[in-house]
Amino acid sequence: MSIPYISLPQPEELTSREKEDAMGAYLMMLAAFAVSLPLPIINLIAAIIYFYINRKKSRYIHFHCLQSLLSQLPTTLINWGALYWALQIFFFENVEVNDYFYAYLGFMILANLIYFTFSIVAAIRARKGVFMYFIFFGSYAYNRVYSSKNILFYDNEEQPEITGQQLNKPPFE
Amino acid sequence: MKQKIVKDLIKILFLFGGIFAFFYVGLQLLSEDKKNSWLYSGDEAKLISYEQEIELGNLIDEYLIDTDETVLLQNELIDSVVWAVRSRLEKQIVMSEYDYKILVVDDNLVNAFTIPGGRIYIYKGLLEFCESAEQLAAVLAHEIGHVEKRHTVSKLIKEFGLKILFSILLGELWESTVSSAFDRSNEKEADQYAMELLERAKIAPTAIASFFRKLNREELDYNENMEFLMTHPHNNSRIKASLSYETAGNFESQDFDIDWKRVKVALE
């Protein structure tokens, strides 16, 4: 049985604010990523904060924040690995520099370049109101945000009316 | 939908694995010469000329003697022994840029260190620790290896760079934890150089093994002081390397004509 999905908004249906916030998800994380390159933890903290602040604004923003957050996880992990390895070699001197290390450095640089390039393109397209799906992360974020199973209430969507008896009431009128 | 996500995940794993494999295979296809000059050369030393290195050595020496209050041992017998060992080794160094100076520090630490420019400091404690002139020659040959391979200069540049980096990142707190020892590959290289030099000087390269065997026996007592030799690689692997070193078929060692018991008495 397939899960029904909520129809995607077209560029003209999105407000400028939504487009800018969606673009900001990529650009802000890129900036945080660049700042935190030697210690790849700040970008993750910034990404999580941005995600939780903005995700309820609209589905469009939620999708882009989630895609951006998830897509930086692999590069963050790869960078952590490189930092750990480099510290073991140059600081603690427990291991030697070898071909695996240099191959890993090449892999890390390319992975970061791919991440940067895709994020910049996604940011430009998000500003235009166009969806861009990253491999795996795009599908996952779409499935998470636009599935009818998503029960998150968005600021720009009407909240469903509560029917039936209201058990919870405020302490005073 | 879930199937697509799983397929995408597999694709991304293959992509990452492929990128890593690409770089690794690329490195394997590179010739050893190119790989060494691009990645493993330790070319940092080329940033400083031999003249600058010797100047730097003079400055460090002045600092050690004047400011750091390093006291040198004044003893004719010891000086003559050190001279005899040094000159036998020095004659066998091919195309050296250095004018070696071996200085004996009046301190009971079992230690030795090298500064840029060809100055090697050995401690009185190390002379007492050695059981023969051949063992002293082994230690000196190792230190000469560090000088000839310019490890002192590379280390200085690397640590200077690292200290700046870590000072920026983490503050001065971490600065002092940067090791003062050479890295493992440098130690191996110096050992290899020492074995070849000892062979040319007609000293059995197994002197290295006998020195480390003694070190192993007395490791508990000397552990803290032997950073210059003990840190990397492990003593046993160095003993093994020294014992398995193959000398030329016609090699015959010539022991020093030095009464080591007299040296020990002079050191007391």
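Keep in mind that what you see is a predicted model, and the values were worked out from it rather than measured. (Residues numbered from 1 in each chain as written. Chains lettered and ligands numbered in written order. Predicted model: local features only at pLDDT ≥ 70, side-chain atom pairs only at ≥ 80, totals over all residues. Heavy atoms only, no water.)

Draft legend 1. Structural context of the packing of aromatic side chains. Enumeration over the complete set of coordinates arrives at 29 aromatic pairs over all chains. Between Trp85(A) and Phe101(A), the aromatic rings sit 5.4 Å apart at their centres with planes inclined by 70°, giving edge-to-face as the arrangement. Here Trp85(A) is found in helix 3 (residues 59–91), whereas its partner Phe101(A) is found in helix 4 (residues 99–128), with 16 residues between them in sequence. By relative accessible area, Trp85(A) is classed as partly exposed at 22%. For the pair Phe118(A) and Phe134(A), a centre-to-centre distance of 5.8 Å together with 80° between the ring planes defines the contact as edge-to-face. With Phe118(A) in helix 4 and Phe134(A) in the loop between helix 4 and helix 5 (137–145), this residue pair connects regions lying 16 residues apart in the sequence. By relative accessible area, Phe134(A) is classed as buried at 6%. The structure contains a cluster of three or more aromatic residues connected by ring pairs, namely Tyr5(A), Tyr60(A), Phe63(A), Phe131(A), Tyr133(A), Tyr142(A) and Tyr146(A). Of note, Arg150(B) hangs over the ring of Tyr50(B), and the distance from its end group to the ring centre comes to 4.2 Å. Sitting above the plane of the Phe129(B) ring, Lys214(B) keeps its charged end 4.0 Å from the centroid. (Phe/Tyr/Trp six-rings, centres within 6.5 Å; stacked < 30°, edge-to-face > 60°. Helix = DSSP H or I, 4+ residues; strand = E, 2+ residues; numbered from the N terminus. Buried < 20%, exposed > 50% of the residue type's maximum accessible area, 1.4 Å probe, protein only. Lys NZ or Arg CZ within 6 Å of the ring centre and 35° of its normal.)

Draft legend 2. Up close: the side chain of Glu148(B). Residues and elements named next belong to chain B. Within the element layout of this structure, Glu148 appears in helix 6 (residues 133–148). Buried within the structure, Glu148 lacks any salt-bridge partner; Lys149 is the closest side chain of opposite charge, at an N-O distance of 8.0 Å. Sequence-distant contacts of Glu148, that is, excluding residues within four places in its chain, are made with Ile93, Ser96, Tyr98, Tyr100 and Tyr193. (Lys, Arg positive; Asp, Glu negative; His and termini not counted. Salt bridge = Lys/Arg side-chain N within 4 Å of Asp/Glu carboxyl O. Contact = heavy atoms within 4.5 Å.)

Draft legend 3. View of the pairing of strand 2 (residues 112–115) of chain B. Residue and element names in this part refer to chain B. One ladder, built from 4 bridges, connects strand 2 with strand 3 (residues 119–123); its direction is antiparallel. Note that in strand 3 the partner of Ile115 across the bridge is Arg119. Hairpin connection between strand 2 and strand 3: a loop of 3 residues separates the two successive antiparallel strands, and Gly117 in this loop has a positive phi of roughly 95°. (Pairing = 2+ DSSP bridges.)

Draft legend 4. A look at the sheet that holds strand 3 of chain B. Residue and element names in this part refer to chain B. Reading across the sheet, the 3 strands line up as 1-3-2 and stay open at both edges, with mixed pairing between neighbours. Of all strands in the sheet, those with a lone pairing partner are strand 1 (101–105) and strand 2, marking the two edges. For this sheet, the mean inter-axis angle between neighbouring strands, taken without regard to orientation, is 20°. (Axes fitted to C-alpha atoms, helices over the stretch in contact; angles between N-to-C directions.)

Draft legend 5. Highlighting the packing of helix 4 (residues 76–90) of chain B against helix 13 (residues 260–267) of chain B. Residue and element names in this part refer to chain B. Here helix 4 crosses helix 13 at 135°, and the two axes come no closer than 9 Å. With respect to each other, helix 4 and helix 13 are oriented oblique. Judged by the sense of rotation from one axis to the other, the crossing of helix 4 with helix 13 is left-handed. On helix 13, the residues that touch Leu77, Ile78 and Val81 of helix 4 are Trp260, Arg262, Val263, Ala266 and Leu267. Residue composition of the contact of helix 4 with helix 13, by class: 7 nonpolar, no polar and 1 charged. (Parallel < 35°, antiparallel > 145°, perpendicular 65-115°, else oblique. Left-handed = near helix turned anticlockwise from the far one by under 90°. Nonpolar A, V, L, I, M, F, W, Y, C, P; charged D, E, K, R; others polar.)

Draft legend 6. Inspection of the pattern of salt bridges at higher detail. All names here are of chain A. As enumerated under the stated definition, the model contains 13 salt bridges over all chains in all. In this structure, the salt-bridge partner of Arg17 is Asp21, at a minimum N-O distance of 3.5 Å. Here Asp21 and Arg17 lie together in helix 1 (residues 16–35), a separation of 4 residues that amounts to about one turn. Its relative accessible area of 54% is what places Arg17 among the exposed residues.

Draft legend 7. Region of the structure containing helix 13 of chain B. All names here are of chain B. Here helix 13 has its buried residues at Trp260, Val263 and Leu267. Within helix 13, the buried residues cover an arc of 50° as seen down the axis, which keeps them to one side. Away from its buried face, by an angle of more than 90 degrees, helix 13 presents the exposed residues Lys261, Arg262 and Val265. Of the surrounding secondary structure, the elements contacted by the buried residues of helix 13 are helix 4, helix 5 (124–129) and helix 6. With a side-chain oxygen lying 3.2 Å from the backbone nitrogen of Lys261, the N-terminal cap of helix 13 falls on Asp259. (Arc of directions from axis to C-beta. Polar contact = N/O pair within 3.5 Å; in protein donor to acceptor, adjacent residues only side chain to side chain.)

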